[in-house]
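Given next are the chains, with one letter for each unit.
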Amino acid sequence: MVPKVRIEIVVDDGDVDAVTDAIISAAQTGQIGDGKVWVSPVDSVVRVRTGDRDELAI
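No experiment lies behind these values; they were computed from the predicted model shown.

Engineer: Describe the overall build of the protein, and please don't skip the residues or the numbers.
Structural biologist: A tally of helices and strands in the protein yields 1 helix and 0 strands. In summary, the protein has a C-alpha radius of gyration of 14 Å against a globular reference of 10 Å for 58 residues, an excess of more than 25%. When its C-alpha atoms are laid out on the principal axes, the protein stretches across 40 × 25 × 15 Å. Scored against the burial criterion, the 58 residues of the protein give a buried share of 3%. Per element, the accessible surface of the protein, about 5600 Å² overall, is 53% carbon and sulfur. Once the 6 positive and 11 negative side-chain charges of the protein are each reduced to a mean point, those two points are 11 Å apart.

Structure representation (structure tokens):
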């Protein structure tokens, strides 16, 4: 078994490609266990402390 870590990052739509490329560049070793990057839409985000929503909460 290869140890696994899950990291979740929420970014503005315009930054998705740059962030994805940065993660791949930093994580890629060419060995089994490099992992996968999923890109999923987020319908809404609320910052609990302030009540900011969506882009203001990112």
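Engineer: Any details on unusual backbone geometry? Residues and values, ideally.
Structural biologist: Even without a glycine there, the phi angle at Asp 54 is positive, about 50°. Inspection of the secondary structure assignment puts Asp 54 in the segment after helix H1 (16-27). With relative accessibility at 37%, the residue Asp 54 sits in the partly exposed group.

Engineer: Give me the lowdown on a negative patch on the surface, citing residues and values where you can.
Structural biologist: There is a patch of like negative charges on the surface, built from Asp 12, Asp 13, Asp 15, Asp 54 and Glu 55. Relative to the helices and strands, Asp 13 resides in the segment before H1.

Engineer: Can you lay out the environment of Lys 36 for me, pointing to particular residues and giving the numbers?
Structural biologist: Relative to the elements of secondary structure, Lys 36 occurs in the segment after H1. Distance in space between the C-alpha atoms of Lys 36 and Ile 24 is 8.6 Å, their sequence separation being 12 residues.

Engineer: Summarise the side chain of Thr 20; cite the residues concerned and give the values.
Structural biologist: Looking at the secondary structure, you find Thr 20 in helix H1. Since its relative accessible area comes to 17%, Thr 20 is described here as buried. Excluding anything up to four places from it in sequence, Thr 20 contacts Val 37 and Val 39.

What counts, and at which threshold
- Residues numbered from 1 in each chain as written.
- Predicted model: local features only at pLDDT ≥ 70, side-chain atom pairs only at ≥ 80, totals over all residues.
- Heavy atoms only, no water.
- Helix = DSSP H or I, 4+ residues; strand = E, 2+ residues; numbered from the N terminus.
- Rg over C-alpha atoms; globule rule 2.2 N^0.38 Å.
- Buried < 20%, exposed > 50% of the residue type's maximum accessible area, 1.4 Å probe, protein only.
- Areas by Shrake-Rupley, 256 points an atom, 1.4 Å probe, with all protein chains shown as cover.
- Lys, Arg positive; Asp, Glu negative; His and termini not counted.
- Charge placed at Lys NZ, Arg CZ, Asp CG, Glu CD.
- Patch = residues over 30% accessible without salt bridge, like charges linked within 9 Å, V, L, I, M, F, W, Y side chains within 5 Å.
- Salt bridge = Lys/Arg side-chain N within 4 Å of Asp/Glu carboxyl O.
- Contact = heavy atoms within 4.5 Å.

Any link to function would need more than the numbers given here.
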